[in-house]
Amino acid sequence: MAIRDIMIFPHPCLRKVAAEVQNIDDEIQTLVDDMLETMYDAEGVGLAATQINVIKRVVVMDCSEAGDSPIVAINPMIVTASSETAERSEGCLSIPGVHDNVTRPAQVTFRALDRSGESYEMAAEGLLAACIQHEIDHLDGKLFIDGLSSLKRDRIRKKMEKLKRD
Ligand code: GNR
Ligand code: NI
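Cut-offs and rules
Residues numbered from 1 in each chain as written. Chains lettered and ligands numbered in written order. Predicted model: local features only at pLDDT ≥ 70, side-chain atom pairs only at ≥ 80, totals over all residues. Heavy atoms only, no water. Donors = N, O, S within 2.8 Å, 3.2 Å for Na, K, Ca; no water. Helix = DSSP H or I, 4+ residues; strand = E, 2+ residues; numbered from the N terminus. Buried < 20%, exposed > 50% of the residue type's maximum accessible area, 1.4 Å probe, protein only. Pairing = 2+ DSSP bridges. Axes fitted to C-alpha atoms, helices over the stretch in contact; angles between N-to-C directions. Contact = heavy atoms within 4.5 Å. Near = heavy atom within 4 Å. Polar contact = N/O pair within 3.5 Å; in protein donor to acceptor, adjacent residues only side chain to side chain. 1 Å grid on protein atoms, 1.4 Å probe; cavity = no way out; pocket = protein on both sides within 12 Å on 5 of 7 lines; lining within 4 Å. Sits in = over half its atoms within 2 Å of the grid points. Nonpolar A, V, L, I, M, F, W, Y, C, P; charged D, E, K, R; others polar. Core = buried A, V, L, I, M, F, W, Y, C linked by side-chain atoms within 4.5 Å.

This part covers the coordination of the nickel ion (ligand 2). The protein atoms that coordinate the nickel ion (ligand 2) are Cys-92 (SG), His-134 (NE2) and His-138 (NE2), at distances of 2.1 to 2.3 Å. Summarised as a motif, the one-chain spacing of the donors to the nickel ion (ligand 2) is C-x41-H-x3-H. Here the residue Cys-92 occupies a position in the loop between β4 (85–90) and β5 (100–105), and His-134 occupies one in helix α2 (residues 126–139), the gap between them amounting to 42 residues. Taken as a pair, Cys-92 and His-134 share a single burial class, namely buried.

Pairing in this open sheet of five strands is antiparallel, and the strands run β1-β2-β3-β6-β7 from one edge to the other. Two strands in the sheet have a free side with no partner beyond their single neighbour: β1 (46–48) and β7 (119–125). Across this sheet, the average inter-strand angle for adjacent strands is 40 degrees, counted without regard to direction. As defined by bridge partners, β1 adjoins strand β2 (residues 58–61) across three bridges and the pair is classed as antiparallel. In the sheet register, Ala-48 faces β2, and the bridge partner there is Val-59. Across the sheet, helix α1 (residues 26–42) is in contact with β1, β2 and β3 (71–81); its angle to β2 comes to roughly 40 degrees. Relative to β3, α2 is tilted by about 105 degrees, and along the sheet it contacts β1, β2, β3, β6 (107–113) and β7.

Moving on to the site of ligand 1. Surveying the vicinity of ligand 1 reveals 13 residues, the closest of which are Val-45, Gln-51, Leu-93, Glu-135 and His-138. A distance of 3.1 Å is found between an oxygen atom of ligand 1 and a backbone nitrogen or oxygen belonging to Val-45. For ligand 1, an oxygen atom lies 2.8 Å from a polar atom in the backbone of Leu-93. According to the grid-proximity analysis, the pocket containing ligand 1 is the largest pocket. In terms of residue count, the dominant contributor to the shell around ligand 1 is α2 (four residues). Across the shell around ligand 1, the residue classes break down as four nonpolar, seven polar and two charged.

This brings us to the side chain of Gln-133. Its place among the elements puts Gln-133 in helix α2. Polar side-chain contacts of Gln-133 include one of 3.1 Å to the backbone oxygen of Pro-105. Apart from residues lying up to four places away in sequence, Gln-133 is in contact with Ile-78, Arg-104, Pro-105 and Val-108.

Soluble, globular proteins show a tendency: their nonpolar side chains are buried together. Counting 17 residues, the largest nonpolar core has Val-59, Met-61, Ala-73, Phe-110, Tyr-120, Ala-124 and Ile-132 as its most contacted members. Of all the secondary structure elements, the ones that give two or more residues to this core are β2, β3, β6, β7 and α2. Ranked by residues supplied to this core, first place goes to α2 with six residues. Residues Leu-47, Ala-49, Val-54 and Val-72 belong to the second largest nonpolar core, which totals 15 residues.

Below you can see the structure in the form of structure tokens.
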């Protein structure tokens, strides 16, 4: 297993639309293992392969208190989303130090393949619901700051460029 480098906004890889995984082979298994190690090391609750510059539809998450409940979601898709919404403060490992409120459907169900290629469906609410939506957005080249005002986004871009210089 290996910790991979997380790409920081505005790295162009973060805007790519990721390709569906066709076979769950050794390469994908290694990718999943590395993503879990990278996510836990960075103390995130989720990570999309896009963030480590692998443009494939692979997501890992762990929204448990203890951090002992990894979820692997390959080719994830939202099946149902509630009309009820919830607002919460989100952050992103690709935009370090930035947090802002994002409104999303409060409850979703999603379908995905697990690490052995089995299809499953899961109901999510709370942090996990926000997280799977945040991760699928990554796979589609979207970031949580896209909904903020252009003034805020500009400030964030400057902050990230300064981070890179220091
Ligand atoms: O660590 C993370 N926290 C978080 C908080 C609220 C909603 C989504 C997230 S995901 C984020 C890790 C990350 O950047 N995943 O792409
Ligand atoms: Ni993120």
